[in-house]
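# Observations on chain architecture
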Amino acid sequence: MTKSVRYETVALDDDNGALVILDQTLLPNDVVYLNLTRQDQIFEAIRSLRVRGAPAIGVAAAIGVYLAAKSVQTDDYDEFYERFKNAKDYLAGSRPTAVNLFRALDRMEDVVKAQKGAPTAHIKEALRDETGLILEEDAAACRSIGEHGLALLRDGDGILTHCNAGYLAASKYGTALAPIHLGVERGYRFRVFVDETRPLLQGARLTAFELCASGAETTLICDNMASSVMKNGWVQAVFVGCDRLAANGDACNKIGTSGVAILAKHYGIPFYVCAPTSTIDIHCATGDGIPIEQRPPEEVTELWYTGRMAPAGVNVYNPAFDVTDCALITGVVTERGVLRPPYGESISDAMGTDMRQTGEKKASGALY
Ligand code: MRU
């Protein structure tokens, strides 16, 4: 029996005024925890993907803005609020796509607003408590996504995943990997195919590391091998994470995800997006409204290589995410259950809001 090992991704060390993260740029070779006390360190850690994955950067930003607020020495509410807002705006500029970052920062601002006029020491305590709540809610959501996702699988299934949407990207269990982790704990024997996920190799470096540490049977493939693996009949389901789910069900996730969805449709394989409701952006009617992060060309031309692997001066297009059309998605696995098409309705029901007028662009339209 393989021994299961699990790592903590992101935490608050309140005594030392630090955000503690597992530096994911060093995985799988080195397990190094960083204690980040300065705002520029926290910003850099999010931007350079030392801490990454939609839920995890939300938690990191919440802790970051709490630490900024904690260091403000004033009893004047207006001054406190202004300094808090500056810190919030600064961290909000670290990455543009995952909505969890903005939602977590907004939650923190709501705390400050709700305590208007209270002693700043009380506001700081409330902010610290809110970071704990965000972390706990994320862990509970991941666990629940695991249960709902596992109900879609059978012992022995082959599962393909893209990027890393495991506990390294969230607080516990993760999202797309949660059903796998839970299943492995319960004795299921899954065969998991992991796309390496060019250019930053979140699949090869992080998902393979996480699944091997959990004792799951893991096979790493290059991104261009997914079609072949599916054609062989080795994949019974695809599970991926999500950075922002639009109101109509369009799902933005790591670049390459939409291609996997198109392949899955071709081979008749169910394609599931796993996302806590904190990843749903009801203000974004369709995927067209989701900002896609563009990343430095060096990630494509030289990172991971011993020398340059492309001629100097070549144009590089390096979007970090793409949008999977809702018509390609079999189900969205949330902590509140599995949402099915038409997503305009099921998302609206799950979120408890009526957005049927805004969200339904093409949710029920089939591509094939
Ligand atoms: O650029 P990254 O590594 O932050 O991208 C992460 C992803 O695309 C994940 O699939 C997504 O954030 C879901 S994490 C539970």
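Residues numbered from 1 in each chain as written. Predicted model: local features only at pLDDT ≥ 70, side-chain atom pairs only at ≥ 80, totals over all residues. Heavy atoms only, no water.

## Here's the deal with the packing of helix α2 (residues 54-70) against helix α5 (residues 120-150)
Direction vectors running N to C along α2 and α5 enclose 170°, while the axes themselves pass 9 Å from each other. Considered as vectors, α2 and α5 are oriented roughly antiparallel to each other. Touching Pro55, Val59, Ala62, Ile63, Tyr66, Ala69 and Lys70 of α2 are Lys124, Leu127, Arg128, Thr131, Ile134, Leu135 and Asp138, all from α5. Considered class by class, the residues forming the contact of α2 with α5 number nine nonpolar, one polar and four charged. (Axes fitted to C-alpha atoms, helices over the stretch in contact; angles between N-to-C directions. Helix = DSSP H or I, 4+ residues; strand = E, 2+ residues; numbered from the N terminus. Parallel < 35°, antiparallel > 145°, perpendicular 65-115°, else oblique. Contact = heavy atoms within 4.5 Å. Nonpolar A, V, L, I, M, F, W, Y, C, P; charged D, E, K, R; others polar.)

## As for the site of the ligand
Lining the immediate surroundings of the ligand are 18 residues, of which Arg52, Ala54, Arg95, Asn253 and Lys254 lie closest. In the model, an oxygen atom of the ligand is placed 2.5 Å from a nitrogen or oxygen of the Arg52 side chain. The contact in question runs from an oxygen atom of the ligand to an N or O atom on the side chain of Asn253, over 2.6 Å. Relative to its free-state accessible area of 420 Å², the ligand is covered by the protein chains to the extent of 100%. (Near = heavy atom within 4 Å. Polar contact = N/O pair within 3.5 Å; in protein donor to acceptor, adjacent residues only side chain to side chain. Areas by Shrake-Rupley, 256 points an atom, 1.4 Å probe, with all protein chains shown as cover.)

## Some details on unusual backbone geometry
The omega angle of the peptide bond from Arg198 to Pro199 is 0°, so this bond is cis rather than trans. Along the chain, Pro199 falls in the loop between β5 (191-195) and α7 (202-214). One non-glycine residue, Leu49, adopts positive backbone phi at about 70°. Note on Leu49: relative accessible area 7%, which makes it buried. Within the chain, Tyr173 stands out as a residue other than glycine whose phi angle is a positive 65°. For Tyr173, the position within the fold is in the loop between β4 (158-161) and α6 (178-185). (Buried < 20%, exposed > 50% of the residue type's maximum accessible area, 1.4 Å probe, protein only.)

## Things to note about the domain arrangement of the chain
Split by domain assignment, the chain resolves into domain 1 (10-142) and domain 2 (146-358). Here domain 1 and domain 2 have C-alpha centroids that lie 25 Å from each other. For the pair domain 1 and domain 2, the two sides together bury roughly 2400 Å², of which 53% comes from carbon and sulfur. When the buried surface of domain 1 facing domain 2 is broken down by residue, Arg52, Thr97 and Cys142 rank first, second and third, together holding 26% of it. The tally of links between domain 1 and domain 2 comes to one salt bridge. A salt bridge links Glu293 to Arg95; the shortest N-O distance between them is 2.8 Å. Our enumeration of links across domain 1 and domain 2 arrives at 17 residue pairs in polar contact (both at pLDDT 80 or more). Contributions of two or more residues to the side of domain 1 that touches domain 2 are made by α2, α4 (99-114) and α5. Here the side of domain 1 that touches domain 2 gets five residues from one element, more than from any other, and that element is α5. (Domains from an automatic or database assignment. Buried area = accessible area lost by both parts, 1.4 Å probe. Salt bridge = Lys/Arg side-chain N within 4 Å of Asp/Glu carboxyl O.)

## Overview of helix α3 (residues 77-92)
Here α3 spans 22 Å end to end across 16 residues, near enough to the 22 Å set by a 1.5 Å rise per residue. Of all the residues in α3, the buried ones are Tyr77, Phe80, Phe84, Ala87, Lys88 and Leu91. Each buried residue of α3 sits inside an arc of 100° when the element is viewed along its axis, so together they form one side. Seen from the open side of α3, the exposed residues pointing more than 90 degrees away from its buried face are Asp78 and Glu82. (Expected span 1.5 Å × (residues − 1). Arc of directions from axis to C-beta.)

## Brief notes about empty space enclosed by the protein
In total, this model carries two cavities of 30 Å³ or more according to the counting rule given. Taken as a whole, the largest cavity holds about 190 Å³ of empty space. In terms of lining, the largest cavity is formed by 23 residues, of which the most central are Arg52, Gly53, Ala54, Asn164 and Asp243. Within the residue set of the lining of the largest cavity, elements represented by two or more residues are α2 and β9 (251-254). Residue classes in the lining of the largest cavity are distributed as 10 nonpolar, nine polar and four charged. The two domains that each donate at least three residues to the lining of the largest cavity are domain 1 (10-142) and domain 2 (146-358). Roughly 40 Å³ of internal volume is contained in the second largest cavity. Lining the second largest cavity, in full, are Pro199, Leu200, Gln202, Lys254, Ile255, Arg295, Glu299, Asn318, Pro319 and Ala320. Of the residues contributing to the lining of the second largest cavity, the split by class is five nonpolar, two polar and three charged. (1 Å grid on protein atoms, 1.4 Å probe; cavity = no way out; pocket = protein on both sides within 12 Å on 5 of 7 lines; lining within 4 Å. Points joined across faces, edges and corners; volume = space filled by probe spheres on them.)

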